[in-house]
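What the coordinates show
Here is how the chains run, residue by residue.
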Amino acid sequence: MQLFLEDGSYILTNEGIDCSIPLEGNEKNVRAWYVASPQIEPVRENGWVGVVAEGGSVNFRSIQFNPHGHGTHTECLGHITPEVHSVNGVLDKLLYKTILITVQPEIRVQKDGSVDRVISASTFSGRLEELKSEALMIRTLPNDAGKMNLDYSDTNPAYCDVDVLTVLDALGVSHLLIDTPSVDREKDNGVLAFHHGFWGVPGKERFDKTITEMVYIPDEAEDGEYMLNLQTAPFVNDATPSRPLLFPLHRNAED
């Protein structure tokens, strides 16, 4: 089905590209922040078992996981504020204009000899100048399906320099999506400079902005403009599992 937009372009509702990582209850599930694997276990109580194969009437399983550590998730400023504001309800539109861009992080050697992979303003090499977009999705190189099963803990994954905030401001971005576990360095002594700058915490709080981390963007999605449907579970929490869908833009009915 065609869904026409205000500028005359349109999307096809069957062309959504899923950029989320599925959650499964085993060690193959992606992990970060030193959490153990998610657990998906049947309920066993008072002689009853929630497993059809074992004689139960239904499969009835409990799931234990962490939104930040176990896959694609969307978070709000409640992630870093004393009051835990909820991400539920922050997204107020079905579709957001989005730019997808692929970057090669810079290599920086720190004073202690550690090697960082950093996304900085210069990483974008002027490719976003004079553009406007509600959302930006960043795909880092190298890119392969192995990102869906990594244990990122203690690996110092790629992260964003705070100078990227100027790029986002120029674009008008309210929703940032990235395929790393965090926009900030894994070990930064709790500073979380990018998180604080993006949300204006403290003093200039932006309740309407979100960050989505640990997406996986398949190579079939070429860099460019899309419409984003950012689906989130209605958790009353600072973060929630999410499913970003990218829809290619068609400029006229003949495309």
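If you're wondering where the values come from, they're calculated on a predicted model, not measured in any experiment.

Calculation rules
- Residues numbered from 1 in each chain as written.
- Predicted model: local features only at pLDDT ≥ 70, side-chain atom pairs only at ≥ 80, totals over all residues.
- Heavy atoms only, no water.
- Helix = DSSP H or I, 4+ residues; strand = E, 2+ residues; numbered from the N terminus.
- Buried < 20%, exposed > 50% of the residue type's maximum accessible area, 1.4 Å probe, protein only.
- Contact = heavy atoms within 4.5 Å.
- Polar contact = N/O pair within 3.5 Å; in protein donor to acceptor, adjacent residues only side chain to side chain.
- Phe/Tyr/Trp six-rings, centres within 6.5 Å; stacked < 30°, edge-to-face > 60°.
- Lys NZ or Arg CZ within 6 Å of the ring centre and 35° of its normal.
- Core = buried A, V, L, I, M, F, W, Y, C linked by side-chain atoms within 4.5 Å.

1. Details of the environment of H196
For H196, the location among the structural elements is in helix 2 (residues 193–199). Residue class for H196 comes out partly exposed when judged on its relative accessible area of 23%. Contacts of H196, omitting those with residues within four sequence positions, involve I80, V191 and V201. Among the polar contacts made by the side chain of H196, one reaches the main-chain carbonyl oxygen of V191 at a distance of 3.3 Å.

2. Observations concerning the packing of aromatic side chains
Within this structure, the stated rule accounts for five aromatic pairs. A ring pair is formed by F194 and F198, whose centres lie 6.5 Å apart and whose planes are at 10°; its orientation type is stacked. One end of the pair is F194 and the other is F198, both in helix 2 and four residues apart, which spans about a single turn. Three or more aromatic residues link up through ring pairs in this structure, and these residues are F194, F198 and W199. Between K209 and the ring centre of F198, over which it is positioned, the NZ or CZ distance is 4.6 Å.

3. Structural notes on unusual backbone geometry
Look at the link from L141 to P142: it is a cis peptide, with omega at 0°. Relative to the helices and strands, P142 resides in the loop between strand 12 (135–140) and strand 13 (159–160). Of note, the bond from V201 into P202 is cis; its omega dihedral lies within 30 degrees of zero at 0°. Even without glycine at this site, Y34 takes up a positive phi of about 70°. Checked against the element boundaries, Y34 lands in the loop between strand 3 (17–18) and strand 4 (39–42). Residue Y34 is classed as partly exposed on the basis of its relative accessible area of 48%.

4. What to know about the nonpolar core
If you look at the biggest cluster of nonpolar residues, it comprises 25 residues, and the most contacted ones within it are F124, L136, I138, L168 and F194. When residues of this core are traced back to their parent elements, those giving at least two are strand 9 (96–103), strand 12, helix 1 (164–171), strand 14 (175–178) and helix 2. For this core, the leading source of residues is helix 1, giving five residues. Aside from chain neighbours lying at most four places away, what touches F194 is C160, D161, V162, V164, L165, L168, L176, V183 and D184. Counting 15 residues, the second largest nonpolar core, distinct from the first, contains I17, L91, A135 and A221.

5. Section: the environment of T140
Its location among the elements puts T140 in strand 12. Under the relative-accessibility criterion, T140 is labelled buried at 4%. Discounting chain neighbours no more than four positions away, the residues touching T140 are V103, P105, I119, K147, D179 and T180. Polar contacts involving the side chain of T140 include one to the side chain of D179, which spans 2.9 Å.

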